[in-house]
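What follows is the residue order along each chain.
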Amino acid sequence: MPLKLVIGNKNYSSWSMRPWLALRANHIAFEEILIPLYTGDADKARILDFSDAGKVPALIDGDVTIWDSLSIVEYVAERFPQTRLWPEDRASRAHARSISAEMHSGFMALRNECGMNLHRPIRAVALSADARANIARIQQIWIGCRERYRESGSFLFGAFGAADAMFAPVVHRFRSYAIEVAPEAQAYMDTMMSLPAFQEWTRAGLAETLIIEKLETV
Ligand SMILES: N[C@@H](CCC(=O)N[C@@H](CS)C(=O)NCC(=O)O)C(=O)O
């Protein structure tokens, strides 16, 4: 039975993008079930049919349902060990898990003020001090990884992995809100933007026509 990944609009759903990338970048076959977000009770009921949490993403593997982006990425890493989503070395793996959890549970100001919206024209907005601190911290994380793991490849820990999947939507946020970054951070963004799976998601998101008014305010 093929895996099913329930996701929201590719233009807006940054949480959906993360596990989708973890699967697609590793060529794991899955059926994609895209349910438009915030359209009303019918679509919400469709999400609830898959997950009692009522949120996307959700992964269905036979009689196992996994919800919440980071749990899905963890499940994919266990179910398909050949993906090497986490670094092999224990200390590096702990590092990758720490920054992934930090992304998953933090950076609220950036998330609130710079929502992912792929078709939004590129332009800067005035950001709060908290959002600017989030941006500085993310760059510190990226540059720290690049300095430490440069020898192994161009992603955070060398090859594309779980931590990259967790930070991928930030690349879109930095790009579309014209956020100035250090050259090392820009190099990481360029690496991410050249990943075929990232490009595939982005093309599909840009092709969507459904507008969610409440996400179009900035
Ligand atoms: N912590 C969750 C967040 C999931 C989430 O907030 N998903 C949003 C879309 S990106 C959603 O499903 N919203 C629809 C709703 O609340 O009705 C995760 O990491 O998966």
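So, how was this worked out
Residues numbered from 1 in each chain as written. Predicted model: local features only at pLDDT ≥ 70, side-chain atom pairs only at ≥ 80, totals over all residues. Heavy atoms only, no water. Helix = DSSP H or I, 4+ residues; strand = E, 2+ residues; numbered from the N terminus. Buried < 20%, exposed > 50% of the residue type's maximum accessible area, 1.4 Å probe, protein only. Lys, Arg positive; Asp, Glu negative; His and termini not counted. Salt bridge = Lys/Arg side-chain N within 4 Å of Asp/Glu carboxyl O. Contact = heavy atoms within 4.5 Å. Pairing = 2+ DSSP bridges. Phe/Tyr/Trp six-rings, centres within 6.5 Å; stacked < 30°, edge-to-face > 60°. Lys NZ or Arg CZ within 6 Å of the ring centre and 35° of its normal.

With respect to the secondary-structure elements, Arg120 resides in the loop between α5 (108-113) and α6 (129-149). Although Arg120 lies buried, it forms no salt bridge, and the closest oppositely charged side chain, Glu216, sits 7.2 Å away as judged by the N-O distance. In contact with Arg120, not counting residues within four places along its chain, are Val125, Ser176, Tyr177 and Val218.

With that out of the way, let us pick up the pairing of strand β4 (residues 64-67). Consecutive residues of a regular strand have side chains that alternate between opposite faces of the sheet. Sheet topology places strand β3 (residues 58-61) next to β4; four bridges connect them, and they run antiparallel. Within β4, the position partnered with Asp61 by the bridge is Val64. In textbook terms, the turn of a hairpin is the stretch between consecutive antiparallel strands, and for β3 and β4 this stretch comprises two residues, one of which, Gly62, has a positive phi near 65°.

This paragraph deals with the packing of aromatic side chains. As enumerated under the stated definition, the model contains seven aromatic pairs in all. A ring pair is formed by Trp20 and Phe30, whose centres lie 6.3 Å apart and whose planes are at 90°; its orientation type is edge-to-face. Residue Trp20 is located in helix α1 (residues 14-24), and its partner Phe30 is located in strand β2 (residues 30-34); the two are separated by 10 residues in the primary sequence. Look at Trp20 and you get buried, because its relative accessible area is 1%. Note that Arg97 overlies the ring of Trp86, its terminal NZ or CZ placed 4.9 Å from the centroid.

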